[in-house]
Each structure stands twice: as structure tokens, then as C-alpha cells.
Amino acid sequence: MGNISYKLLKGKEQSLCLYMHVFALNLTLKIFRFILEMPSRKFADGEVVRGRWPGSSLYYEVEVLSHDSSSQLYTVKYKDGTELELKESDMKTLTSFRQRKSASSSSSPSRRRGSRSRSRSRSRSPGRPPKSTRRSASQNTEIKSKKREILEINLTPLKLSGNNISRYNGEPESLERNAISHKVIQEKNYLSHESSYIPTQYSLRPRKEEVKLQETDLNEETIIGKETKSIRTHETAPTQKKELEFGGSIGAFFIMIGLPVVLFLLLLFCKQKDPSLVNFPPALPALTSLWETRVSGIYLLWFFLQALFYLLPIGKVVEGTPLLSGRRLKYRINGFYALLLTTAILGGSLYWEVEISYLYDHFLQFAVSATAFSVVLSIYLYVRSLKASKDELSLGKSGNVIYDFFIGRELNPRIGTFDLKYFCELRPGLIGWVVINLVMLLAEMKIQNRDSPSLAMILINCFQLLYVMDALWNEESILTTMDIVHDGFGFMLAFGDLAWVPFAYSLQAFYLVNHPNDISWPIASAVIALKICGYIIFRCANSQKNAFRRNPADPKLAHLKTIPTSTGKNLLVSGWWGFVRHPNYLGDLIMALAWSLPCGFNHILPYFYVIYFTILLIHREARDENHCKKKYGLAWEKYCQCVPYRIFPYIY
């Protein structure tokens, strides 16, 4: 009986064990099936890795936030707060970078010599063809893998310090570089590291066949260099193509021909009794009468007089924004003093009864001289840019002669410490604009037989004098504008600064000389109110922007909301810059309208400036929009969602 019970119990235990084995086997199979079917994930949440910045070869430290199993994308966060979705192939562990770097630097000379000795023994075997003709596919693969290893090691970006990023503002007081400078410096460091990396890895003691081995190494380096060069050319070629603005070389050619023609037609129209489109084209003077040597001499005297004022050791010296090389140029801020000295000379001329009305009598000849001088200056700038180093060239150059002549190749052409572009930007043309307005005021009194200038002429002179004084008083702010930071110095800026600004911007005053318009004080008061409104918007917006760039941590700006970007800069999203994206342009256009209203509504000619300036600022805004998209990426898109209107609220 006992044996039977024992056998039954033993049978139950065996069945239970068999059942447990089957259950464990099924459970194991299910676990394996789940593991095989579940999507693989290499990086965990909260892990700090290296993430590739989209559209570039640069890796930055990022924190893994989450992982989407369906799309197989990781949501990562950069140090500046930018969140992006990256593929797993665009992410690498921190240890992989350190291991590659240590492996390349810590490999012992004996191991390198050993590996080279083995390859050398094979190269000395009799009957073998030259090494360059018997390179196998495996060796080519090995070379490519070496190249990739070099890329991964040397393209590791500079360490982005948290303090530097949070305090970056792009102003001369800041020690950080902008995003473009980082990328260029990275590439230069990569090239210098690559050229020093290969010889170090394959350096050998002098032996009998050292020359052969050096030639072999040179061939390998050449292959790597060509492949790297092709990669960089492929990456940079589309960028250069996108930067061809103004319609490319064809558009630049027609602009260079069209702008002087438009300027001369405007001046000829203003001298007509009835400047309407019915009388188009205006009577053209003889070509011989357009050029006078004395006029050209006076214009050159004016140009070099302003250059002398610029060189005077008065005013403070400030540093500009960092260049691609990291260097920062110094600029002397004394434009307002130049205006005061010019005013003193004009006062002396009036006191001694110098005939400054000569400028009005030969106004067209002066415009021709200014245009001719700007062309000669543009030729000089293009020729000297051919000898300039790559670090001195602007980013807007294309390699096309016509386009580069127009846009300018050299970013900051200097003769010693004399900066040609910075000098021409504000001095001869802008101060010359004020002088022309004063001459037109005196010419109106003389031609219209008036004891005093008209109220319309007084308003135009005061409005535009205030504009010029404001620009020269805040001269330092021009160092962060697109003209100084991005555009080269070519025909576009030379003609615009020296000819277009003084002779086209003074069109309202030139028009009133032969077409007087008497306005009442109520109308004048309304125009003055419009001018003040535009000036407040213009000045407050620019002051807020410049104050934020100088010191983003200023307690006075603590109420402003910002959006962080990957470059370390913050975008203002409140205050004036939360109203529209370019409030300074809006104020500029309101002031331009106030300049034209005193001329009345008999002709559209005085309103040419408003029409032209609107087109100019819309085009400039589009250029700025394109640059900001490339520079700030997703942060700029977010800013555009918060501030949808570009210049005109609820319109554009």
C-alpha cells in the first residue's frame, strides 16, 4: 500500500515537473518572440549623447528626452534648449568619440612600426607590381574607414559653455562668436587636424625604402583629401547658389545700368515746369554739358574733407562684431563731430558770402561726378579683392565677375586703419544730403523771390536733418547691420552711399525749388505729429534692440520675453519686436511719408522716395528673413508664429 502511494506521488511530481518545464519553455519562447518583435532602442531616456545638427556635420551634446517606437525617432534637447527629433544614425555615444580620439593618440610607435613593417615586407616581395596598381578593394575600404574615423573625431564641435551661450549677444563687448564663425572655425580645425593626423599615424624611422613609403602615404592622403573635398563641395555648393540675390548676375547687371538712369531722369523731371508722365521723357541735355572738371574737383575735395574728419583723433574707438577668423576690427565713432565741423564750415561760407548756390546750378553735373567716382571706386575695390585672403571675403560672393562687382567681394576693405565701407556708409553721402537740402532752401528763396523759406521747405529740412543727426549720434549701432556684417563693398553700396542717397533722398527739397507748395499750420501740425509718431517707433525699436544686444541680462529688459536659439542668441518676442518683426522699418516708412506730404498732391514725383523705400525695405526684410531661417532654424519658425506680421500690422 505504501509502495502504491509512493508511486502515485512520484508520478504526480513527475507530471508537475513536466508541466513546469513546458510552462517555462513556453514563457521563454514568448519572451524571445517579444524581444525579437519589439523595436530596438540604443539610447535611454535621460542619457547624454552626441547628436548631429540637421543639415551639417557637427555633433553637439544632447539629452535624450523620449523615443517614438513607431517612427524610430529620438526627441533630444540641446544645451541651448532647442528640442529636435533625430534618427538613431545621427546619434553617437560620448565614449565612442573619446575612444576614437584616445586610440588615435595613444597607439604606440612600436605598434605602428610593426604594422608598417608587415606591410613593407609585402611591398618588397619580388615580382609584385607597383603598389599603386595593385590596391585591392579591401584596402580602399580601409582607407574610406580611416577617412570616416577622422571625420567623426575632428568634426566634434567646440565645447559650448553654458555661460557663454546664455550671455551671447553678438555685440563687440561679447567674446563669443556667432554660429557661422563656429562652423568655419570647426572646418579649419578639421583640416588642420586631418593634415597632422595621418602623418602622425604612419610616421616611420628612415629606412632604405622611405621614399617609396612616403609616396604611398601621399597617395592615400590624396584619396582621402579628394573624397573630403568632394563632400565639402557638395555641401557648400547649394548654399552659394541660394545666396545669389537681386536676380543673380543678370539682375545685378540691369540694376547697375538702371539705377543711374533712374536717378538722372528724376533730377531732369524735377527741373521741368510740369513733371508729369505726359511729358516723358524729359528734355535731355547735351552729353558734353554733363561733365565739368571743376565740379569733379569740388566733389573730390568734399570726399577727402570728410575722410580727414574721419581720421581726426576724436570720439571713442569700439570693436565690431567678430569676423569669421575671430578677429574684431576697431572703428572710430566720430560721425556726429564730422557733422558739427561741416556745419561750422557752412556757417563760415554763408558769413563770407560764398556762392554755395553753385551746387544747385550744377546739380546734375555733381550727380554725374558722384556716379563716376562710385564706379571708379567699385573697380578699385574689385581689383584689390582679387588679392585678398579668403578670411577677408564676404559670404555673398559667387565667383561671377558681374555679380561680385555689384555685391562686393571683400567684406571690410581697409587702407591701413581707414575702413572704406564704414566711412562711405554714413559720411560723404549722409552729411552731403543735409548740405544739399540747405542749398535747396537758399535756392528756393532766390528763385521764388522770398524773404524767408516756405513752411514746406522748412519742414523737409528739419525732418531730414533730425534723421541724419539721429543716425550719426547712434553711429555705433550700424556695426551690427546687414551692410556691415554680411554684404561686401562693391557697386551696390558704393553707388548707393555716394550718389543715390544724397541726390535721390533730397528729391523733395529739389522739387520744391521750382514747384512751391504753401501749407497751413493745421496741416503742418498733422504732418509733424505723423513724423513724431514714426520717429518714436523707429528710435524706440532700435534702442530696445541695441540695448538687448549689448546686455541681455539688463534688469530694465527683464520684462521682455525671448526665444532661445541654437546659436546662443535670444530672439525678442515682446515689446516693439513682438508687435511686428521689423518695427524699425515701420517707423522708417512713416517718417518717409511725412517727408513727402509737405510737397502736396499735384504730382507723384515727390512720393517716389516713399514708393522706392517701401520696395527697398520689403526686399531687405525678405533677405533678412532668409538669413534668419538659415541661422536660427526652428527657433525662427517659432518666432514667426508668435509675431506673424513682418512690417505692417494686420497687413503684411
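Residues numbered from 1 in each chain as written. Predicted model: local features only at pLDDT ≥ 70, side-chain atom pairs only at ≥ 80, totals over all residues. Heavy atoms only, no water.

- An unreviewed UniProt entry lists the protein chain under the name Delta(14)-sterol reductase LBR, with Ornithorhynchus anatinus as the source organism.
- UniProt's Subunit (unreviewed entry) comment on the protein chain is quoted here verbatim: "Interacts with CBX5. Interacts with DNA. Interaction with DNA is sequence independent with higher affinity for supercoiled and relaxed circular DNA than linear DNA. Interacts with lamin B. Interacts with CLNK. Interacts with TMEM147; promoting LBR localization to the nucleus inner membrane."
- As stated in UniProt under Sequence similarities (unreviewed entry), the record for the protein chain gives "Belongs to the ERG4/ERG24 family." (UniProt positions renumbered as here; feature names shortened; annotations may be inferred.)

So, the side chain of Glu 425
Part 1 of the reasoning: By the secondary structure assignment, Glu 425 is in helix H14 (residues 420–447).
Part 2 of the reasoning: Notably, Glu 425 is buried but unbridged: the nearest opposite-charge side chain belongs to Arg 620, and the N-O separation is 6.3 Å.
Part 3 of the reasoning: Not counting chain neighbours up to four residues away, the residues in contact with Glu 425 comprise Ile 478, Asp 483, Leu 493 and Asp 497. (Helix = DSSP H or I, 4+ residues; strand = E, 2+ residues; numbered from the N terminus. Buried < 20%, exposed > 50% of the residue type's maximum accessible area, 1.4 Å probe, protein only. Lys, Arg positive; Asp, Glu negative; His and termini not counted. Salt bridge = Lys/Arg side-chain N within 4 Å of Asp/Glu carboxyl O. Contact = heavy atoms within 4.5 Å.)

Description of the pattern of salt bridges
Part 1 of the reasoning: Under the counting rule described, the total for this entry stands at twelve salt bridges.
Part 2 of the reasoning: One salt bridge in this structure joins Arg 409 and Asp 404, with 3.9 Å as the shortest N-O distance.
Part 3 of the reasoning: Ionic pairing is found between Glu 621 and Arg 646, a salt bridge with its closest N-O pair at 3.3 Å. Linking Glu 621 in helix H21 (residues 608–632) with Arg 646 in the segment after helix H22 (634–642), this pair joins segments that are 25 residues apart in sequence.
Part 4 of the reasoning: A residue is classified by how much of its surface remains accessible, and Arg 646, at 26% relative accessible area, is partly exposed.

Quick word on a nonpolar patch on the surface
Part 1 of the reasoning: A contiguous nonpolar patch, built from Ile 250, Phe 253, Phe 254, Ile 257, Val 261, Val 401 and Ile 402 and spanning about 680 Å² of accessible area, is present on the exposed surface.
Part 2 of the reasoning: Going through the elements one at a time, helix H8 (248–271) and helix H13 (401–407) are the ones with two or more residues in the nonpolar patch.
Part 3 of the reasoning: Ranked by residue count, the leading element in the nonpolar patch is H8, at five residues.
Part 4 of the reasoning: When you line up the elements, Ile 402 lands in helix H13. (Patch = residues over 30% accessible without salt bridge, like charges linked within 9 Å, V, L, I, M, F, W, Y side chains within 5 Å. Areas by Shrake-Rupley, 256 points an atom, 1.4 Å probe, with all protein chains shown as cover.)

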